[in-house]
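Residues per chain are reported as follows:
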Amino acid sequence: MKRISILGSTGSIGTQALDVIRNLPNDFHVSVLTANSNVKLFAKQVEEFKPDLAVLADESAYKILKMENFGKTIFSGGRRAFIDAAGYYDVDIVLTGMSGFAGLEPTIRAIECGKTIALANKETLVVAGEIVTKLAKKYGVKILPVDSEHGAFFQCLQGENYKSIEKLLLTASGGPFRGKKISELKDATKNEVLAHPTWNMGQKITVDSASLVNKGLEVIEAKWLYGIDYDQIQVVVHPQSIIHSMVEFCDGSIIAQLADPDMRLPIQYALTYPDRKISPVKKLDFWQIKNLTFEEPDIETFKGLKFAYEAGKIGGTMPCTFNAANEVAVENFLQGRIKFLQIYDVIENAMLKREVKQNLTLETLIEEDSATRKLSADFIKSL
């Protein structure tokens with residue numbers, strides 16, 4: 001029985017991971033649950049799964065919940081407790097289900113404690129790929145990708161020599177605005193942005209999907225997971241979201257991973273690896289699949305992907321700058337302070353104005369994240 005820690009249990013990835021565990025009750029024990037501030041849902045999860053440790057990062061939320069009686073579960077609260085929970089001793093696999101830069105420190109803590117990482121927090125590798133991959137090698141830690149696209153690459157590459165990779169073909173649904181031009185997106189509403197055609201995800205990642213920033217984050221993530229150049233990563237728009245990604249090899253062969261678009265499948269494979277288990281995911285019926293189509297992404301309209309390639313190739317702190325600016329922009333868009341297309345303006349402004357530092361440390365990245373957030377917030381006030 002594998003002992004699991006879920007960081008971000010009330011989010012989209014966390015709730016689906018718990019659904020996977022419900023379907024495989026004899027395979028997992030939930031040792032640790034952590035969340036930010038969703039007290040109501042977190043209390044239900046703790047009551048159901050009875051973890052050894054439960055942590056709420058938001059101290060005010062923790063104060064509300066700590067008076068509850070959940071048997072032998074140890075409760076703690078605050079950012080420091082959240083980070084420390086990632087290194088809890090009685091855990092085999094840490095699923096990093098939270099989103100954003102906030103996932104970096106807990107992931108590093110888990111690696112330093114020798115835990116296998118089921119990585120759903122793509123920002124960890126985006127902002128600190130060099131640091132994280134070196135630490136994983138130092139501590140002998142496996143990083144198992146949970147993203148559907150990177151989970152697909154991981155499965156396609158089983159038994160293969162990474163040196164034989166010619167190209168990673170990273171698929172993208174195209175989001176809710178596929179085929180639209182800038183003139184059609186000037187007044188895009190929050191509801192329109194969040195109306196993803198194939199995936200059911202959290203708000204932040206759904207906005208990133210609409211802007212193609214999410215695909216850009218995955219491009220940078222792929223560089224660090226598979227050790228290849230950016231010129232070997234090609235984004236292909238595949239609106240049906242049946243092929244989750246493909247690997248082209250030096251001999252011209254291409255291997256693809258196909259499945260129904262359900263995040264529980266890549267989550268389960270990461271948690272059960274190297275084994276496969278029966279899952280509740282709907283099986284594909286090839287008699288019913290009429291078309292699988294592919295397109296080139298429009299990076300002039302959806303500039304998030306273009307900016308991500310630029311940030312990744314510049315390196316150093318620039319991917320951190322890109323990510324921080326986007327996080328601030330998306331938050332402000334969701335709160336109605338800026339329009340959808342202004343997300344790109346916020347990112348571009350930060351990338352033009354922030355000085356790039358190449359000798360990375362965790363402290364340097366924390367400083368860059370903070371400085372970029374301030375710069376971006378001030379820029380938004382001026383719009």
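One structure accompanies this document, and this report is about it. No experiment lies behind these values; they were computed from the predicted model shown. (Residues numbered from 1 in each chain as written. Predicted model: local features only at pLDDT ≥ 70, side-chain atom pairs only at ≥ 80, totals over all residues. Heavy atoms only, no water.)

The strand order across the open sheet built from seven strands is β4-β3-β2-β1-β5-β6-β7, with neighbouring strands paired in parallel fashion. The open sheet terminates on both sides in strands that have one partner only, identified here as β4 (74-77) and β7 (143-145). Geometrically, the sheet is characterised by an average inter-axis angle of 20° between neighbouring strands, direction not taken into account. The sheet contact formed by strand β1 (residues 2-7) and strand β5 (residues 93-96) spans four bridges and is parallel. By the bridge assignment for β5, Ile6 is matched with Leu95. Packing of helix α1 (residues 12-23) onto the sheet brings it into contact with β1, β2 (28-35) and β5, and relative to β1 it is tilted by some 160°. (Pairing = 2+ DSSP bridges. Helix = DSSP H or I, 4+ residues; strand = E, 2+ residues; numbered from the N terminus. Axes fitted to C-alpha atoms, helices over the stretch in contact; angles between N-to-C directions. Contact = heavy atoms within 4.5 Å.)

Let us now look at the packing of aromatic side chains. What the rule picks out here adds up to ten aromatic pairs. Residues Phe70 and Phe75 carry aromatic rings whose centres are separated by 5.4 Å and whose planes lie at 45° to one another, so their mutual orientation is tilted. With respect to class, Phe70 is no different from Phe75; both count as buried. Following the ring pairs from residue to residue traces out a cluster consisting of Phe177, Phe333, Phe340 and Tyr344. (Phe/Tyr/Trp six-rings, centres within 6.5 Å; stacked < 30°, edge-to-face > 60°. Buried < 20%, exposed > 50% of the residue type's maximum accessible area, 1.4 Å probe, protein only.)

Packed helix pairs are characterised by how far apart their axes lie and by the angle those axes make with each other. Following both chains from N to C, one finds helix α5 (residues 104-112) and helix α6 (residues 123-138) inclined at 10°, their axes separated by 11 Å at the closest point. One way to sum up the angle between α5 and α6 is to call them roughly parallel. In this structure, α5 uses Leu104, Thr107, Ile108, Ile111 and Glu112 to contact α6, whose residues at the interface are Thr124, Val127, Ala128, Ile131, Val132, Leu135 and Ala136. A breakdown of the residues in the contact of α5 with α6 according to their chemical character gives nine nonpolar, two polar and one charged. (Parallel < 35°, antiparallel > 145°, perpendicular 65-115°, else oblique. Nonpolar A, V, L, I, M, F, W, Y, C, P; charged D, E, K, R; others polar.)

Before going further, it helps to examine the layout of surface pockets. Any space left empty among the atoms is revealed by the rolling of a water-sized probe across them. There is about 1,300 Å³ of room inside the largest pocket. Gly97, Met98, Ser99, Gly100 and Lys204 are the residues nearest the centre of the largest pocket, which is lined by 49 residues in total. Counting residues per element, the ones that place at least two in the lining of the largest pocket are α1, α4 (79-85), α7 (148-156), α10 (203-211), α11 (213-226) and α14 (318-334). For the lining of the largest pocket, the residue count by class is 16 nonpolar, 21 polar and twelve charged. One number sums up the size of the second largest pocket: a volume of about 270 Å³. Around the second largest pocket sit 17 residues that line it, and Leu265, Arg276, Ser279, Val281 and Lys283 are the ones nearest its centre. For the lining of the second largest pocket, the secondary structure elements donating two or more residues are β11 (254-258) and α12 (264-272). (1 Å grid on protein atoms, 1.4 Å probe; cavity = no way out; pocket = protein on both sides within 12 Å on 5 of 7 lines; lining within 4 Å. Points joined across faces, edges and corners; volume = space filled by probe spheres on them.)

At a closest axis distance of 12 Å, the pairing of α11 and α14 adopts a crossing angle of 155°. Between α11 and α14, the angle is such that the two are roughly antiparallel. For α11 against α14, the interelement crossing comes out left-handed. Each of Val213, Leu217 and Ile220 in α11 lies in contact with α14, whose residues at this interface are Pro319, Phe322, Asn323 and Asn326. Here the contact of α11 with α14 is composed, by residue class, of five nonpolar, two polar and no charged. (Left-handed = near helix turned anticlockwise from the far one by under 90°.)

Across a sheet, strands are paired by hydrogen bonds formed along the backbone, either parallel or antiparallel in direction. On the basis of which strands lie adjacent, the open sheet formed by four strands has the order β9-β8-β10-β11 and mixed pairing. In this open sheet, the two strands that pair with only one neighbour each are β9 (233-237) and β11. Recorded for the sheet is a direction-independent mean angle of 20° between the axes of neighbouring strands. The pairing of strand β8 (residues 165-172) with strand β10 (residues 243-249) spans four bridges and is classified as antiparallel. Bridge pairing in β10 places Ile165 opposite Phe249.

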